Every structure is written in C-alpha cells, then in structure tokens.
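Examining the three-dimensional arrangement
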Amino acid sequence: MESCDSLPTVERLEFGSSIRDADRVICGDGFTVLAQLPDAVLDAIYIDPPFGTGLVQKGRGHRYVDRADDPDAFVAWLVPLLADSRRALAAHGSLFVHLDYRAVHYVKVALDRLFGRERFINELIWCYAVGGKGRRGFGRKHDTILWYSRSDDWAFYPDAVRVARRGGSHMRVVLDGGTAVQEKTDRKTGRVYRYPVAAGKVPEDWWTDIETLNHSDRERTGWPSQKPERLIERILAAVTRPGDRVADWFAGSGTTAAVAQRLGRRFVTTDREPQAIELCVARLSAQGRALAAQGAPPPPIEIDRQQ
Ligand SMILES: C[S@@+](CC[C@H](N)C(=O)[O-])C[C@H]1O[C@@H](n2cnc3c(N)ncnc32)[C@H](O)[C@@H]1O
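Thresholds, definitions, all that
Residues numbered from 1 in each chain as written. Predicted model: local features only at pLDDT ≥ 70, side-chain atom pairs only at ≥ 80, totals over all residues. Heavy atoms only, no water. Helix = DSSP H or I, 4+ residues; strand = E, 2+ residues; numbered from the N terminus. Rg over C-alpha atoms; globule rule 2.2 N^0.38 Å. Buried < 20%, exposed > 50% of the residue type's maximum accessible area, 1.4 Å probe, protein only. Contact = heavy atoms within 4.5 Å. Areas by Shrake-Rupley, 256 points an atom, 1.4 Å probe, with all protein chains shown as cover. Lys, Arg positive; Asp, Glu negative; His and termini not counted. Charge placed at Lys NZ, Arg CZ, Asp CG, Glu CD. Salt bridge = Lys/Arg side-chain N within 4 Å of Asp/Glu carboxyl O. Pairing = 2+ DSSP bridges. Axes fitted to C-alpha atoms, helices over the stretch in contact; angles between N-to-C directions. Polar contact = N/O pair within 3.5 Å; in protein donor to acceptor, adjacent residues only side chain to side chain. Domains from an automatic or database assignment. Patch = residues over 30% accessible without salt bridge, like charges linked within 9 Å, V, L, I, M, F, W, Y side chains within 5 Å.

Some remarks on the overall build of the chain
The helix and strand tally for the chain stands at six helices and 15 strands. The C-alpha radius of gyration of the chain comes to 21 Å, within 12% of the 19 Å expected for a compact globule of 307 residues. Taking the principal axes of the C-alpha coordinates as reference, the chain spans close to 70 × 50 × 40 Å. Here the chain holds 307 residues, and 48% of them are scored as buried. Relative to all contacts within the chain whose residues are 6 or more apart in sequence, the contacts with residues 24 or more apart total 72%. In the form shown here, the chain has an accessible surface area of approximately 15,600 Å², with 51% of it arising from carbon and sulfur atoms. Put simply, the chain has 44 plus and 41 minus side-chain charges, and the middle of one group is 6 Å from the middle of the other.

Have a look at this one:
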C-alpha cells in the first residue's frame, strides 16, 4: 500500500459552476474520514468494499490487495463502518453494500442487527455472464447488493428507474383506446390488469441487463473490480434527487463519484490507495470539463488527504 502523503493536501478543481461548496475526494482510510462527518448528512451511501478474498486484485497497470480475513474477521472489520454509515444517513437515506457469495451472508446478519430486519429493503442480485464457467458446480455469476434504509420513511423514486417491458411474457399485448397495454386476467377473481407498455416498469430485484465492463470498454480505467456506471446509476437514481448527498468509502476508480457528478448529486469519496485517487480525480476532471463544455458545469472538487 502506498502512502497518501504523495498527494497535495488540498487541490481544488473548478469547472465554472457558481456553486462554491466543493465535492470531496479524500485519500485515506474511509473509516476515519466517515468518523469526522456529522450525523444525518448523507442521502445515500454505496460501498463496494474488499470482499475478504485474500486475493491480489489486478487491473491494467493497477493492483490492490484484498483483505485476507476469514468471514468473521471480515465482518468484525466492516461493522464499525456500517454502524457509522447508519449514523451519517439522513432519516430518508439508504445504505447499499455490494458483496459477493463469500461474504454476503455474514454481512447480512450483521446489517440486520445494526439497522433492524424491517429496514432491509432489497437483496439486489446483479447477474453477469463474462468470465470462466463452472466445472464442478454452477458458474458463480452474480454479486449481491444489500439495501438498508435508515428509517421506515426511505426515499424511492420509481419513475427514475423504469425499464422497458419485455415482450414474450405471459401477458398479451392489446390496444386499449389506441394505447398498447400488457394485459392479464386474474383466474380466481376475473379481474383484468392492464399495464401501458410505454410506461415501462420498475425492475425486479434481479438485474440481468447490466454487463460487467469488458477489457475494451471505454469506461475502463484499469482499476481492478471497477463497477459499471449503469449499475451505480440505477441505485443512485432510485434513492436520490439532484443536489442530494452521496458517499462511497471505497472509491477505487471513482465510479460512484463519477455517476454522482454526472447526475448532479453531491459527493464525498475516499480510498486509501493514492493510485486509485489519481484515477478517480482524472476521471472526474475529464467528465467535469466535458459537462462544462455542454453548458452544465459541475461544482468544484477538493482533493485532500486524510488529516
Ligand atoms: C472493490 S474496490 C472498489 C472499486 C470501485 N467500486 C470501482 O468501481 O472502481 C475496493 C477499494 O477499497 C479500497 N480500500 C480498502 N480498504 C480501504 C479503507 N480502509 N479505506 C478506504 N479505501 C479502502 C481499495 O484500495 C480499493 O480501491
């Protein structure tokens, strides 16, 4: 692990916005940065922590070492950050924890204890197909994102995440006053349900329409385990509005910050690896300039190292 000392204490990027209050990219330990935040200031937190695999994660020219813990030690390491994330969430706020099959069941139990089982909103299953196939079992081709709300009054904006209705379902498509609708009849009650095709639908809790990034993807930064922007976009669009505050304590290449910047959300993000911070800043800087050129300059960004 390199030291964050190589980064300037505060560098400020300006894109021409009239907003003076800066978004934050901080090189340092996410636990420590989070501990310095006041209570109830964040609208959404998405984290994609190391999964406790003990593996060296390699990307194009970049690598980081995943924590080599056993599951109990992994949970013990993560729980203080989960508890403090809950403290920093506003009443309508939500926490999303991205995990894989190795850790998710252990962390789920810990989150139930911290937030309460009734605050568990969704187990989001993100499916993908790339990579090796299973030989002695089924291919492990999904990650799990656990969604917990801070209170029973959580924000959710279904119209922001609608997707096209699939053809070929058990529902037939008919015209209803010139509008195409999918129609089904409840066999028991005889009641007829009609869903306008053009309105789309809120996705289920399993997502097969967002692939992992392939090697030639334009989004690729070279940071290992980089997540697709579309995945984070669906999450942030579902629970935040423009101007809302988003955090990610394990920035990596800065996917959450990049999506937040593009969608007009405010953000704070941390990573303990200076190389990750450099990639993240380069990404935000390029996108910020592009947004400014389109006449929508984002707020300034302050790049800092943990004090
Ligand atoms: C799975 S990667 C995140 C990838 C990211 N979602 C993306 O799309 O690029 C996990 C990141 O957590 C960082 N990390 C691990 N422990 C940390 C800590 N205590 N504080 C801050 N960052 C940490 C690692 O350096 C790594 O970049």
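Re the pattern of salt bridges
Counting across every chain of the model gives 22 salt bridges. A salt bridge links glutamate 14 to arginine 12; its shortest N-O distance comes to 2.8 Å. Judged by relative accessible area, which is 39%, glutamate 14 ranks as partly exposed. Among the ionic contacts, a cluster of salt bridges with common partners joins Arg12, Glu14, Arg20, Arg24, Glu302 and Asp304.

Focus on the sheet that holds strand β1 (residues 10-13)
The pairing of strands in a sheet comes from backbone hydrogen bonds and takes either a parallel or an antiparallel form. Strand order across the open sheet formed by 10 strands is β1-β15-β2-β14-β13-β3-β6-β8-β7-β12, with mixed pairing between neighbours. Edge positions in the open sheet fall to β1 and β12 (206-207), since each of these has one partner strand only. Lying over the sheet, helix α2 (residues 71-88) contacts β3 (42-47) and β6 (89-99), oriented at roughly 155° with respect to β6. Sitting on the sheet, helix α4 (residues 229-239) touches β3, β6, β7 (120-127), β8 (142-149), β12 and β13 (245-248), and the angle it makes with β6 is about 160°.

Notes on the pairing of β7
Inspection of the sheet shows β7 paired to β8 by seven bridges, in the antiparallel sense. Its bridge partner lying in β8, leucine 124 is registered against isoleucine 145. Here two bridges tie β7 to β12, and the two strands are oriented parallel to one another. Bridging from a neighbouring strand, tryptophan 126 pairs with tryptophan 207 of β12.

Some details on helix α5 (residues 255-263)
Counted residue by residue, α5 has seven buried out of nine residues, so it is predominantly covered. Along α5, the positions that sit buried rather than exposed are Thr255, Thr256, Ala257, Ala258, Val259, Ala260 and Gln261. Those residues of α5 hidden inside the fold are in contact with β3, α4, β13, β14 (266-271), α6 (274-293) and β15 (301-305). A positive backbone phi angle near 75° is found at glycine 264, which sits one or two residues after α5.

Let's talk about the environment of glycine 200
Relative to the helices and strands, glycine 200 is located in the loop between β11 (192-196) and β12. For glycine 200, a relative accessible area of 7% corresponds to the buried category. Sequence separation between glycine 200 and threonine 212 is 12 residues, and the spatial gap between their C-alpha atoms is 24 Å. Setting aside its immediate chain neighbours within four residues, glycine 200 contacts Arg162, Val163, Ala164 and Arg165.

A look at the side chain of aspartate 48
Position of aspartate 48 among the secondary structure elements: in the loop between β3 and β4 (56-58). Accessibility expressed as a relative area gives 14% for aspartate 48, which makes it buried. Within the structure, aspartate 48 has its side chain in polar contact with the side chain of lysine 227 (distance 2.9 Å). Those residues in contact with aspartate 48 that lie beyond four places of it in its chain are His98, Ser225, Lys227, Asp248 and Phe250.

With respect to the domain arrangement of the chain
Structurally, the chain comprises domain 1 (4-160 + 203-305) and domain 2 (164-201). Taken over C-alpha atoms, the centre of domain 1 sits 36 Å from the centre of domain 2.

Focus: the sheet that holds strand β10 (residues 179-185)
Strand order in the open sheet formed by three strands is β9-β10-β11, with antiparallel pairing between adjacent strands. Across the chains shown, the open sheet's two edge strands, defined by having one partner strand only, are β9 (172-176) and β11. Sheet twist, expressed as the average angle between the axes of neighbouring strands with direction ignored, equals 40°. The pairing of β10 with β11 spans five bridges and is classified as antiparallel. Looking at the pairing, glutamine 182 lines up with tyrosine 195 of β11.

Describing a nonpolar patch on the surface
On the surface, a nonpolar cluster with roughly 230 Å² of combined accessible area is contributed by Trp154, Phe156 and Val202. Position of valine 202 relative to the elements: it lies in the loop between β11 and β12. Classification of valine 202 as partly exposed rests on a relative accessible area of 31%.

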